[in-house]
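# Remarks on the overall topology
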Amino acid sequence: MRVITGSARGSKLITVEGTDVVRPTTDGVKEAIFSAIQFEIEGRTVLDLFAGSGQLGIEALSRGAKEAYFVDSAIASIKVVKENLRHTKLEDRAHVINMPFTAFLKSTRATFDIAILDPPYDLKIINKALPHLEEKMSDIGIIICEHEKELTLPHDLGRFEIAKVLRHSRTAITIYRPKASEEQDD
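One structure accompanies this document, and this report is about it. Bear in mind that the values here come from a model prediction, so they are computed numbers and not experimental data.

What follows deals with the sheet that holds strand β6 (residues 156-157). In space, the 8 strands of this open sheet follow the order β3-β2-β1-β4-β5-β8-β7-β6, with mixed pairing throughout. The strands lining the two open edges of the sheet, one partner per strand, are β3 (94-98) and β6. In this structure, β6 lies alongside strand β7 (residues 160-168), joined through 2 bridges in antiparallel fashion. If you follow L157 over to β7, its bridge partner there is F160. Running over the sheet, helix α2 (residues 55-62) touches β1 (45-49), β2 (67-72), β3, β4 (112-117) and β5 (137-148) and is turned about 175° from β2.

Written out as structure tokens, the structure is:
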């Protein structure tokens, strides 16, 4: 596992050992995610929900995101995120939070431009997180969900809708963007 591009390009990242729940994102899937938003990262606030090793938020920071929030309920994941941030020298723009996703989304006052959700597949919790996330997104927000290919996510999510679904091997990437206003449709 490595950082693909940016200031920390080529840095090797560690992953959480000894658990079947953490499933690191492959380089191919990570490249697909960041190719889809490559011109929208600079200066943005990013949320890496279900952070695991933190590799997706670290990739965003490496590519110029202003700051990133790394949220995970597992203390082992939090330790790995902190070590990866130290190794990549990106910890000065990172907020690492050890908290269940619902408690974080209900309590945070932060607003996010990009949210990346990559929860453990077998727990099927992505649909539980999405409704809480919508109100924490900026007007230009992008929500990126990495999930098992068989899972279908809702088309509409408040003021967001699915803009694109990418398929990569056994993984799907669903990207939500703000709905076009009715005035633009005229």
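From this point, things continue past the structure.
Before going further, it helps to examine empty space enclosed by the protein. Under the defined criterion, the tally for this structure stands at 1 cavity of 30 Å³ or more. Considering only enclosed or pocket space, the largest cavity measures out at about 50 Å³ in volume. Lining the largest cavity, in full, are P119, P120, Y121, K124, I125, I126, E146, H147, E148 and L151. When residues of the lining of the largest cavity are assigned to their parent elements, the largest contribution, 3 residues, is made by β5. Looking at side-chain class alone, the lining of the largest cavity contains 6 nonpolar, 1 polar and 3 charged residues.

What follows covers the packing of aromatic side chains. Throughout the structure, instances matching the rule amount to 4 aromatic pairs. Residues Y69 and F104 carry aromatic rings whose centres are separated by 6.4 Å and whose planes lie at 45° to one another, so their mutual orientation is tilted. Of the two residues, Y69 is situated in strand β2 and F104 in helix α4 (residues 101-107); the sequence distance between them amounts to 35 residues. Accessibility expressed as a relative area gives 14% for Y69, which makes it buried. Centre to centre, the rings of F104 and F112 are 6.2 Å apart; their planes meet at 40°, and the pair counts as tilted. F112 gets classed as buried once you look at its relative accessible area, which sits at 0%. Grouped by ring-pair contacts, the aromatic residues Y69, F104 and F112 constitute a single cluster.

Looking now at the pairing of β5. Buried residues dominate β5, accounting for 10 of its 12 residues. Judged from the 6 bridges that link them, β5 and strand β8 (residues 171-178) form a sheet pairing that is antiparallel. Looking across to β8, one finds that E146 is bridged to I173.

This part covers the pairing of β3. Of the strand pairs in this sheet, β2 and β3 are connected by 5 bridges, and their pairing is parallel. Looking at the pairing, F70 lines up with V96 of β3. Handedness of the β-α-β unit built from β2, helix α3 (residues 75-88) and β3 comes out right-handed.

About the cut-offs
- Residues numbered from 1 in each chain as written.
- Predicted model: local features only at pLDDT ≥ 70, side-chain atom pairs only at ≥ 80, totals over all residues.
- Heavy atoms only, no water.
- Pairing = 2+ DSSP bridges.
- Helix = DSSP H or I, 4+ residues; strand = E, 2+ residues; numbered from the N terminus.
- Contact = heavy atoms within 4.5 Å.
- Axes fitted to C-alpha atoms, helices over the stretch in contact; angles between N-to-C directions.
- 1 Å grid on protein atoms, 1.4 Å probe; cavity = no way out; pocket = protein on both sides within 12 Å on 5 of 7 lines; lining within 4 Å.
- Points joined across faces, edges and corners; volume = space filled by probe spheres on them.
- Nonpolar A, V, L, I, M, F, W, Y, C, P; charged D, E, K, R; others polar.
- Phe/Tyr/Trp six-rings, centres within 6.5 Å; stacked < 30°, edge-to-face > 60°.
- Buried < 20%, exposed > 50% of the residue type's maximum accessible area, 1.4 Å probe, protein only.
- Right-handed = clockwise from strand over helix to strand, strands pointing away.

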